[in-house]
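One-letter residues, chain by chain:
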Amino acid sequence: MKVMLVTGVPGTGKTTLAKKLAKKLGYFYLDVNKVISKHKLSEGYDRNRKTKIVGVDKLNKKLIGVIEKSKINGIIIDSHLSHYLPKKYADICIVTKCDIKELNKRLRKKKFHKNKIMENVQAEIFDVCYNEAKERKHNVVVVDTTKSFNIKKLTQLELNILQTFLGKLESRMKEFWEVDTKHSYLMDFIYLVWLVES
């Protein structure tokens, strides 16, 4: 089963992207906010930040359980906390990014509290989700959602995902076998394996 994480600062378009990807790839879409509510994973409410407090360890345990019990082709996990999942449970981590002015506009439209807007804008400026995903050694693909997201971009995203997957597979093959992965027939074989397993 393929596991794709879609993370990013709130307002950067991760839910829109995750749902489009799930539909196009035929994967199960998992909204982490619903998992948190359903399984009562919130540990309280931060009044100053106007947000729920969620323990990442508890959340990860629940998400790992969902992944391990699933008997489906693939799953797309949508949350700004999804990149905290250990690398071994995810094939790829997509980080959505957005222009700061556009992000500010989107968060105001969603009626976020001004402190929460400032917090999220600062997180985007400092690439918090991206840096945390890289620190956890995820295979990261960045998608800029500043302008509307269209099918051409989705196709390009799929190519980026495939290239990342092939790169990961190449390095694993080099590790275990002494083969020259630059031969086109070998790359065709790897691509075929990926299509069959998807």
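Cut-offs applied
- Residues numbered from 1 in each chain as written.
- Predicted model: local features only at pLDDT ≥ 70, side-chain atom pairs only at ≥ 80, totals over all residues.
- Heavy atoms only, no water.
- Helix = DSSP H or I, 4+ residues; strand = E, 2+ residues; numbered from the N terminus.
- Buried < 20%, exposed > 50% of the residue type's maximum accessible area, 1.4 Å probe, protein only.
- Contact = heavy atoms within 4.5 Å.
- 1 Å grid on protein atoms, 1.4 Å probe; cavity = no way out; pocket = protein on both sides within 12 Å on 5 of 7 lines; lining within 4 Å.
- Points joined across faces, edges and corners; volume = space filled by probe spheres on them.
- Nonpolar A, V, L, I, M, F, W, Y, C, P; charged D, E, K, R; others polar.

S.K.: Just checking my understanding: could you explain the overall build of the chain for this structure?
M.R.: Of regular secondary structure, the chain possesses 8 helices and 7 strands. Relative to its 198 residues, the chain shows a buried fraction of 43%. Expressed as a percentage of contacts within the chain between residues at least 6 apart in sequence, the contacts between residues at least 24 apart total 72%.

S.K.: Could you clarify how one ought to interpret the side chain of Thr-145 in this entry?
M.R.: If you trace the backbone, Thr-145 turns up in the loop between strand 7 (140–144) and helix 7 (151–176). Among all residues touching Thr-145, those that are not within four sequence positions of it are Thr-12, Gly-13, Thr-96, Lys-97, Cys-98 and Arg-106.

S.K.: Looking at this structure, I do not really get the layout of surface pockets. What am I missing?
M.R.: The volume enclosed by the largest pocket comes to roughly 1,000 Å³. Lining the largest pocket are 39 residues, and of these Pro-10, Asn-33, Thr-51, His-80 and Lys-116 sit closest to its centre. Contributions of two or more residues to the lining of the largest pocket are made by helix 1 (14–25), strand 2 (28–31), helix 2 (32–38), strand 4 (51–54), helix 4 (100–109), helix 5 (114–125) and helix 6 (128–135). The class makeup of the residues in the lining of the largest pocket is 14 nonpolar, 13 polar and 12 charged.

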